Amino acid sequence: MSTPCHTSALLLVFMALAVAGAEQSEERSCDVIGDESSESQMERALLKKLEPLSHMRFNVTVEKGKTENYIYHFRVCREVNSTLHDFAGLVQTDRQNGKTTVIGRINETQVFNGSDWIMLIYKGGDSYGRHCSGEKRRAVIMISCKRGVTASSFSIISEEREKEQECFYLFEMDSSLACPAENSHLSVGSILLITFVSLIAVYIIGGFLYQRLVVGAKGMEQIPHFAFWQDLGNLVADGCDFVCRSKPRNAPAAYRGVGDDQLGEESEERDDHLLPM
């Protein structure tokens, strides 16, 4: 084989390995049961809402006497062990013998919600032995609302395996992602008041800077539209004087000074007789 052909072959091999490595490194996510066209907008929205939890791993240990000693490994819409490519989203490991059992797989997912909770269901787990008519295991994870916490308190509640069918493992955890959106506590009046105060602040600060830096005003003249506010104060004072007075302006004063009317009538007695004849 010539050198150019040998180089081309090596390049093709490297490219194939790179593509294969990229495919393997890309983790699989939840696939809702049914055809892609049958997935509802609500299911897609809930899976997208849970996406921040996909990078986290959750474990819980359960000990029931000497016979049952398990560790449960759980991931949200990701494989617990991506190297196995078994779609296992929740796995049970026996601590005594190391045996692993897939409880549910992410390629058979159901998801729905209520006002303050989200329920994630993984179906298609490993088959039961003597229980539940040998059907496949199923994991039900109840995610309850807890504000301020991304995820915590992952635990197993119970395992229902005494029925003939529809057996399941029930888990629960807390997360703020299950909480409803908080409504704004600001009323319309508060918003209008904040807007008004902001506009006033912009007017005063902007006008002050303009008067000082552009016009070159000093002292009280730096107040924007100072003459207008002076006149406005006088007009308000006149308005208050007009509204608050209880008597007309032309009404006589309530007090009386010393005047001619208090001196009495002019005496009719004349003093002409005192004049010289």
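None of these values were measured; they are calculated from a predicted model. (Residues numbered from 1 in each chain as written. Predicted model: local features only at pLDDT ≥ 70, side-chain atom pairs only at ≥ 80, totals over all residues. Heavy atoms only, no water.)

1. Some words on the nonpolar core
One recurring pattern in soluble globular proteins: nonpolar side chains tend to sit buried together. Residues Tyr72, Phe74, Leu90, Tyr122 and Ile141 are the most contacted members of the largest nonpolar core, which totals 34 residues. Elements represented by at least two residues in this core include exactly helix 2 (41-49), strand 1 (57-64), strand 2 (68-75), strand 4 (100-113), strand 5 (117-124), strand 6 (139-145) and strand 8 (168-175). (Core = buried A, V, L, I, M, F, W, Y, C linked by side-chain atoms within 4.5 Å. Buried < 20%, exposed > 50% of the residue type's maximum accessible area, 1.4 Å probe, protein only. Helix = DSSP H or I, 4+ residues; strand = E, 2+ residues; numbered from the N terminus.)

2. With respect to helix 3 (residues 188-215)
Taking 1.5 Å per residue as the helical rise, helix 3 with its 28 residues ought to reach 40 Å, and the 38 Å between its terminal C-alpha atoms agrees with that figure. At the C-terminal side of helix 3, Gly216 shows a positive phi close to 80 degrees. (Expected span 1.5 Å × (residues − 1).)

3. Some words on the UniProt feature "transmembrane region" (unreviewed entry) in the protein chain
Here the UniProt-annotated "transmembrane region" (unreviewed entry) positions come out as residues 186-210. Between the first and last C-alpha atoms of residues 186-210 the distance is 34 Å; the span itself is 92% helix and 0% strand. (UniProt positions renumbered as here; feature names shortened; annotations may be inferred.)

4. Here's the deal with the pairing of strand 5
The buried count for strand 5 comes to six of eight residues, which makes it a mostly enclosed element. For strand 4 and strand 5, the ladder comprises seven bridges, and the chain directions are antiparallel. Paired with Arg105 across the bridge in strand 5 is Lys123. Between the antiparallel neighbours strand 4 and strand 5 lie three residues. As defined by bridge partners, strand 5 adjoins strand 6 across six bridges and the pair is classed as antiparallel. (Pairing = 2+ DSSP bridges.)

5. Re unusual backbone geometry
The phi dihedral of Ser133 falls on the positive side, at around 60 degrees, and the residue is not glycine. Mapped onto the elements, Ser133 comes out in the loop between strand 5 and strand 6. Since its relative accessible area comes to 55%, Ser133 is described here as exposed. In this structure, Ser153 is a non-glycine residue whose phi angle is positive, near 60 degrees. When you line up the elements, Ser153 lands in strand 7 (residues 152-160). Residue classification places Ser153 among the partly exposed positions, given a relative accessible area of 45%.

6. Things to note about the side chain of Gln222
Considering the arrangement of structural elements, one finds Gln222 in the loop between helix 3 and helix 4 (226-244). Take Gln222: its relative accessible area is 9%, and that puts it in the buried class. Sequence-distant contacts of Gln222, defined by excluding residues within four places in its chain, comprise Gly207, Phe208, Gln211, Arg212 and Ala217. (Contact = heavy atoms within 4.5 Å.)

7. Description of the packing of aromatic side chains
Scanning the model with the defined rule gives 11 aromatic pairs in all. Here Arg28 stacks its cationic end above the ring of Phe87, 4.3 Å away from the centre of that ring. Against the face of Tyr128 rests Arg137, its NZ or CZ located 4.5 Å from the ring centre. (Phe/Tyr/Trp six-rings, centres within 6.5 Å; stacked < 30°, edge-to-face > 60°. Lys NZ or Arg CZ within 6 Å of the ring centre and 35° of its normal.)

8. Overview of the pattern of salt bridges
Evaluation of the coordinates by the stated rule reveals nine salt bridges. Arg78 is paired through a salt bridge with Glu27; the nearest N and O atoms lie 3.9 Å apart. A residue pair is termed long-range when its members are at least 10 positions apart, and Arg78 in the loop between strand 2 and strand 3 (88-94) and Glu27 in the loop between helix 1 (3-25) and helix 2 qualify at 51 residues. For Arg78, a relative accessible area of 10% gives the class buried. Overall, the relative accessible area of 32% leaves Glu27 in the partly exposed class. When the shortest N-O distance is used, the salt bridge between Arg161 and Glu159 registers 3.9 Å. (Salt bridge = Lys/Arg side-chain N within 4 Å of Asp/Glu carboxyl O.)

9. Details of the side chain of Arg138
Relative to the elements of secondary structure, Arg138 occurs in the loop between strand 5 and strand 6. Side chain to side chain, Arg138 and Glu166 meet in a polar contact 3.1 Å long. The residues contacting Arg138, other than those within four sequence positions of it, are Ile103, Ile121, Tyr122, Lys123, Glu166, Cys167, Phe168 and Tyr169. (Polar contact = N/O pair within 3.5 Å; in protein donor to acceptor, adjacent residues only side chain to side chain.)

10. Description of the state of the cysteines
Taken as a whole and judged by the stated rule, the model has three disulfides. In this model, Cys30 is linked to Cys77 through a disulfide, with the two sulfur atoms separated by 2.1 Å. Torsion about the S-S bond of the Cys30 and Cys77 cystine: about -100 degrees, corresponding to left-handed handedness. With a gap of 47 residues between them, Cys30 in the loop between helix 1 and helix 2 and Cys77 in the loop between strand 2 and strand 3 connect regions that are remote in the sequence. (Disulfide = S-S within 2.5 Å.)

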